[in-house]
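# Geometric and topological summary
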Amino acid sequence: MKILVAEPLSPAAIALLQKQSGWDIVVSNPKEYEPHLADCDALLVRSAVKVKGDTLAKAPKLRVVARAGVGVDNVDLPAATAAGVLVMNTPGGNAVSVAEHTLAMMLGLARMVPEATASTRAGKWEKKKFLGNELRGKTLGVVGLGNIGQEVVRRARGFEMRIIASDPYVNPATAAHLGVELVSLDDLLSSSDYISLHLAVTPETRGMINASTIARMKDGVRIINCARGELVDQAALCEALVSKKVAGAGLDVFEPEPLPADHPLLQCDNLIATPHIAGSTEEAQEIVGIRIVEQLVEYLQNGVAINAVNMPAVTPEQYQAIGTSITLAERLGKFAAYVSSGHPKGVRVTYFGRIAEMNTNLVRNAALAGVLSRGLSNRVNLVNSMQVAAQRNLTVSESHQPRSIGEDSVLVEIDTDQGVTSVSGSIILDKPRLLSVDGIRVESTLAGQLIYMRNTDVPGVIGHVGTVLGRNSVNIANFSLGRQDKPTAPGEPLIAVALVEVDSAPGEAVLDELRSHPAVRLAVTVQPGD
């Protein structure tokens, strides 16, 4: 397995990668990493490398992009998802560093540290000019109470500030535990002496600090942005800094980055500007480096996707509970796709027993991946199966039956223009097993080479199968049979099914011989798994 490190990681993180048995670790840099993409399984980046469609096209084996940090603006998520590439990040790993930088910005603005430093270095001693303000007693408005926002609150409390916050998605209990008053954004804007932004960029938040919102703020407010440059209308902020409506601003992020040297914003004396370094401390880089490597190892070795941003995420404990069900669902989906006929219109997955009480998002994705992988040349997996299903206009539905009196099992149904095909299975002795096909009870392995047959229940079919396979040197490893309890309609013959596990795949000519018996309605090979 080849792991490509395209940007600097801490030595401890690199060492952890190199400890993994059988892994080929390539440590490169943003200017020289591209030649290594062709055969890499995982790509580790920070913020400099842009993982766009053209990058993904050069990496056909790529399974995961691991972003050592929070934001994934440098990764084209739709393109990665379409390619079946998992994207993961490390939220919270640099939260303390960003929070400390935020407080540094606030203190620098309150005490005019940059201006006083420049004046003193110039040989002046302007004590009266640099009369500052205390943070104590001032109102801090925190917009966004995620990991970083919460760390800012904890530190600002030490300065005896009054803290209010606006976040429509935060649990009120979280705010109460932090000692923070939750208010509307309008109330926060009009009440705060300091406003600190800790939000992701969305259509709702893009440009949220603009001429209109600035007009609703206190005269002399100070604004800090260590989140994303797109949150601020820089022209409006520049105008407010010049007019002193905004007494000062501390910006670590800009749009674009880097900001052109002649940009009007950089000419404002009451601006503190840093080059996107809020999360760049030795401690933070080591933390996020080690965390992303730990997550990568967990995913590549055990299939557990921690902090996935383009796939439903589960905890390691949840994955341990459903991991075998994921394999089962994918193999059932693939089996159903092999034996169904017609153009698919929809897929339904039903869970029975304890499985139905769990988080089944990944189980659903796995069943879809199995169904879709049969007919598509492009890679379909847990990451992109829902997207591919939507592109093909397949309806996807789920049903949970936690109080089922039967065994814990999964049922996958494919609805086509020629009818519905259903298969069910369960985990038996830690192995995925087939339990039924179209309601007919028949138990079989879900691995290796299988021949699935459907026939009217008349004498001679089993002998015909043995004769044909023996004549063609196809060895039978196992033979499972099942039939209807009653005919589909009065007067119709019973339908029987057979699953023949063989040691080698029969060719189409052998299948044609099997189909030559007048009772045989269907004979196909199935490869549901390894």
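Please refer to the structure placed before this passage.
Quick caveat: nothing in here was measured; it's all calculated off a predicted structure. (Residues numbered from 1 in each chain as written. Predicted model: local features only at pLDDT ≥ 70, side-chain atom pairs only at ≥ 80, totals over all residues. Heavy atoms only, no water.)

## Points about the packing of aromatic side chains
Where we set the bar: Note on aromatic pairs: the rings of Phe, Tyr and Trp (six-membered ring only in Trp) are paired at centre separations within 6.5 Å, and the planes decide the class, stacked below 30 degrees, edge-to-face beyond 60, tilted for the rest. Helix and strand definitions follow DSSP, with helices as H or I runs of at least four residues and strands as E runs of at least two, each counted in order from the N terminus. Exposure classes here rest on a 1.4 Å probe applied to the protein chains alone. A residue is buried below 20% of its type maximum, exposed above 50%, and partly exposed in between.
Evaluation of the coordinates by the stated rule reveals one aromatic pair. Ring plane angle 75° and centroid distance 5.8 Å describe the contact between Phe-335 and Tyr-452, whose orientation is recorded as edge-to-face. Here Phe-335 is found in helix 12 (residues 316-339), whereas its partner Tyr-452 is found in strand 19 (residues 449-456), with 117 residues between them in sequence. Residue Tyr-452 is classed as buried on the basis of its relative accessible area of 2%.

## As for the pattern of salt bridges
Note the cut-off: Within this document, salt bridges are pairs made up of a side-chain nitrogen of Lys or Arg and a carboxyl oxygen of Asp or Glu, the two lying within 4 Å of each other.
One pass over the structure, following the stated rule, counts 18 salt bridges. As a salt-bridge pair, Arg-454 and Asp-438 come within 3.4 Å of each other at their nearest N and O atoms. Of this pair, Arg-454 sits in strand 19 while Asp-438 sits in the loop between strand 17 (431-437) and strand 18 (440-445), and the two are 16 residues apart along the sequence. Classification of Asp-438 as partly exposed rests on a relative accessible area of 29%. Residues Asp-512 and Arg-515 are paired through a salt bridge, measuring 2.8 Å at the closest nitrogen-oxygen approach. Separated by three residues within a single helix, Asp-512 and Arg-515 lie in helix 16 (residues 508-515), roughly one turn from each other. Judged by relative accessible area, Arg-515 falls into the partly exposed class, the value being 31%.

## Describing helix 13 (residues 361-373)
Heads up, the rule is: Each helix should span, by expectation, one fewer than its residue count multiplied by 1.5 Å. Only heavy atoms enter the contact rule, under which two residues are in contact if any of them lie within 4.5 Å.
With 13 residues, helix 13 should cover 18 Å at 1.5 Å per step; its first-to-last C-alpha distance of 18 Å lies within 8% of that length. Of all the positions in helix 13, only Leu-362, Val-363, Arg-364, Asn-365, Ala-366, Ala-367, Leu-368, Ala-369, Gly-370, Val-371 and Leu-372 are classed as buried. Against helix 12, strand 13 (344-352), helix 14 (385-391), strand 14 (395-401) and strand 15 (409-416) lie the buried residues of helix 13.

## Notes on the packing of helix 4 (residues 95-110) against helix 6 (residues 147-157)
Worth spelling out the cut-off: Here an axis means a line fitted to C-alpha atoms, over the contact stretch when the element is a helix, while the angle between two N-to-C directions is reported on a 0 to 180 degree scale. If an angle is under 35 degrees, it is roughly parallel; if it is over 145, roughly antiparallel; if it lies from 65 to 115, roughly perpendicular; otherwise it is oblique. Each helix crossing is assigned a hand: it is left-handed if the near helix lies turned anticlockwise from the far helix by less than a right angle, otherwise right-handed if that turn is clockwise. The nonpolar class holds Ala, Val, Leu, Ile, Met, Phe, Trp, Tyr, Cys and Pro. Asp, Glu, Lys and Arg form the charged class, and all remaining residues, Gly among them, are polar.
Across the interface, helix 4 lies against helix 6 with an axial gap of 8 Å and an inter-helix angle of 50°. With respect to their mutual orientation, helix 4 and helix 6 come out oblique. Crossing hand, helix 4 versus helix 6: right-handed. Here helix 4 contributes Ala-95, Val-96, Val-98, Ala-99, Glu-100, Thr-102 and Leu-103 to the contact with helix 6, which in turn contributes Asn-147, Ile-148, Glu-151, Val-152, Arg-155 and Ala-156. Looking at the contact of helix 4 with helix 6, its residues break down into eight nonpolar, two polar and three charged.

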